[in-house]
Amino acid sequence: MAMNVASSSGGGGRRGRRKPVMAEINVTPMVDVMLVLLIIFMVAAPLLTVNIQVDLPKAAGGTASNADTQPLEVTVKKNGNSTCVSNVDIYLGDTQIPLDQLGPKIKAIKDSKGGGEQVVKIRGDRDTCYSDMMKVLGLARDAGYRASIVVVPEQGS
């Protein structure tokens, strides 16, 4: 009998014993990776800033205002060649006017409507120079209008 008991229990010895499950997470490698990434971003961030010198056009502005009335519409259309030489046609509503007369005309329109706060919509051709649009915007602001530039959203957005 003693032999029977010894042979049945001494076969493997490890069969009933397992290693206990480890319930701890070793965070040291994760902390090391995060510190390396932090150092990389700290070094790379100043290199990503770009200082580009741009000669911006000058446009004088008036005070911004709020209105719920029908907006005045000014259209800036490029004419001529593709270089930026301020070769544009200005339309007040459907009437073409010179740029130097735009300021006094929209000021007179505002005064004739009682001097309240008005809105002017500025529509510009895609090829119109930035400086031309800013001149028209500045004239509208000087006349006391709140101006908004009309854009067409891209397809799919």
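Residues numbered from 1 in each chain as written. Predicted model: local features only at pLDDT ≥ 70, side-chain atom pairs only at ≥ 80, totals over all residues. Heavy atoms only, no water.

Peer 1: Looking at this structure, I do not really get the overall build of the protein. What am I missing?
Peer 2: When helices and strands are tallied, the protein shows four helices and five strands. Mapped from its N terminus to its C terminus, the protein presents α and β elements in the order α-α-β-β-β-α-β-α-β. Put simply, the protein has 157 residues, and 21% of those count as buried. Long-range pairs, those at least 24 residues apart, make up 66% of the contacts in the protein with a sequence separation of at least 6. Accessible surface for the protein amounts to roughly 12,400 Å². Of this, 57% is attributable to carbon and sulfur atoms. (Helix = DSSP H or I, 4+ residues; strand = E, 2+ residues; numbered from the N terminus. Buried < 20%, exposed > 50% of the residue type's maximum accessible area, 1.4 Å probe, protein only. Contact = heavy atoms within 4.5 Å. Areas by Shrake-Rupley, 256 points an atom, 1.4 Å probe, with all protein chains shown as cover.)

Peer 1: Where do I start with the packing of aromatic side chains in this structure?
Peer 2: Think of a pair of aromatic rings as described by two things: how far the centres are apart, and how the planes are tilted against each other in angle. The tally for this structure, following the rule as stated, stands at zero aromatic pairs. Lying over the aromatic face of Tyr145, Lys110 brings its terminal NZ or CZ to 5.7 Å of the ring centre. (Phe/Tyr/Trp six-rings, centres within 6.5 Å; stacked < 30°, edge-to-face > 60°. Lys NZ or Arg CZ within 6 Å of the ring centre and 35° of its normal.)

Peer 1: Help me understand the nonpolar core, please; the structure alone is not making it clear to me.
Peer 2: Burial of nonpolar side chains together is a common tendency in soluble globular proteins. If you look at the biggest cluster of nonpolar residues, it comprises 19 residues, and the most contacted ones within it are Ile90, Leu102, Ile106 and Ile122. Of all the elements in the fold, those that place two or more residues in this core are strand S1 (72-78), strand S2 (88-92), helix H3 (99-112), strand S4 (118-124), helix H4 (130-142) and strand S5 (145-150). Considering every element that reaches this core, the biggest residue donor is H4, with five residues. When sequence neighbours within four positions are dropped, the list of residues in contact with Ile90 reads Val74, Thr75, Val76, Thr95, Gln96, Ile97, Leu99, Leu102 and Val136. (Core = buried A, V, L, I, M, F, W, Y, C linked by side-chain atoms within 4.5 Å.)

Peer 1: Looking at this structure, I do not really get H4. What am I missing?
Peer 2: For an α-helix the count is 3.6 residues per turn, leaving residues at separations of three or four pointing the same way. Over its 13 residues, H4 runs 18 Å from end to end, which matches the ideal 18 Å to within 8%, given 1.5 Å per residue. Restricting attention to buried positions, one finds in H4 the residues Asp132, Met133, Met134, Val136, Leu137, Gly138 and Ala140. Contacts made by the buried residues of H4 are with S1, S2, H3, S4 and S5. (Expected span 1.5 Å × (residues − 1).)

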